[in-house]
Amino acid sequence: ALVEADESMETMILFSMNGNDRYAIRLSEVTRLEEFNVSQIEQSAGQDVIQYRDELLSLVRLGDVLGVMTLDEGSDRIPAIVFSRHGKSLGVVVGRIIDIVEAKMHLHVSPAGKIGVKGSLIIEGTSTDLLDIEQLIECVVPGWMDTVGV
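To keep things clear, this report deals only with the structure shown in the data block. This structure is a prediction, so every number in the text was calculated from the model and none was measured.

1. Comments concerning the overall build of the chain
Then, number 1: Helices and strands together make up the secondary structure of the chain, namely two helices and 13 strands.
Then, number 2: Whereas a compact globule of 150 residues would reach a radius of gyration of roughly 15 Å, the chain reaches 15 Å, a difference of no more than 12%.
Then, number 3: A buried classification covers 40% of the 150 residues belonging to the chain.
Then, number 4: A separation threshold of at least 6 residues defines the contact pool for the chain, and within that pool the share at least 24 residues apart is 59%.

2. As for the side chain of Asp21
Then, number 1: Turning to its location among the elements, Asp21 is positioned in the loop between strand E2 (9-16) and strand E3 (23-26).
Then, number 2: With no salt bridge to any partner, buried Asp21 finds its closest opposite charge in Arg96, at an N-O distance of 8.2 Å.
Then, number 3: Within the local environment of Asp21, its side chain forms a polar contact with the backbone nitrogen of Asn18, the two atoms lying 3.2 Å apart.
Then, number 4: In this structure Asp21 touches Phe15, Ser16 and Val68, once residues within four positions along its chain are discounted.

3. Thoughts on the packing of aromatic side chains
Then, number 1: Evaluated as defined, the whole model comprises two aromatic pairs.
Then, number 2: Consider the rings of Phe36 and Tyr52, whose centres lie 5.7 Å apart with planes at 90 degrees: the pair is edge-to-face. Of the two residues, Phe36 sits in strand E4 (residues 32-37) while Tyr52 sits in strand E6 (residues 47-52), which places them 16 residues apart along the sequence.
Then, number 3: Look at Tyr52 and you get buried, because its relative accessible area is 11%.

4. Overview of unusual backbone geometry
Then, number 1: Although it is not a glycine, Arg53 sits at a positive phi angle of roughly 50 degrees.
Then, number 2: The topology assignment puts Arg53 in the loop between E6 and strand E7 (55-61).

Basis of the calculations
- Residues numbered from 1 in each chain as written.
- Predicted model: local features only at pLDDT ≥ 70, side-chain atom pairs only at ≥ 80, totals over all residues.
- Heavy atoms only, no water.
- Helix = DSSP H or I, 4+ residues; strand = E, 2+ residues; numbered from the N terminus.
- Rg over C-alpha atoms; globule rule 2.2 N^0.38 Å.
- Buried < 20%, exposed > 50% of the residue type's maximum accessible area, 1.4 Å probe, protein only.
- Contact = heavy atoms within 4.5 Å.
- Lys, Arg positive; Asp, Glu negative; His and termini not counted.
- Salt bridge = Lys/Arg side-chain N within 4 Å of Asp/Glu carboxyl O.
- Polar contact = N/O pair within 3.5 Å; in protein donor to acceptor, adjacent residues only side chain to side chain.
- Phe/Tyr/Trp six-rings, centres within 6.5 Å; stacked < 30°, edge-to-face > 60°.

Written out as structure tokens, the structure is:
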């Protein structure tokens, strides 16, 4: 069954957590793509943060949220996708950013109960999970999507 039979093209960010998986997020939902030095990650109120543009940017490790292993290549830099809503920003740490591509929105419905996954797309011949990043963020940081800053 299809959620969207819409054949329109969307610009997507493709990324992987461990090299054996592929995820996509609509580029229109993203503020910036960044790479942070692991040595700059600090702890604040029990969570990872990084000083970013004169603010403390909370970091969420997407692998932990999705329940998948993240490939740790022992790198001193980590890729992150920065999202901003209502004057607040959040960095979502991923394994590796693969590419930015145009893809048809021919979405195959995901199994019920798969939190944060809208469904699957075939992008460049490979099955790719389209993430509902707002739902994922809301699971980790309840109220973050609300209009009033905390």
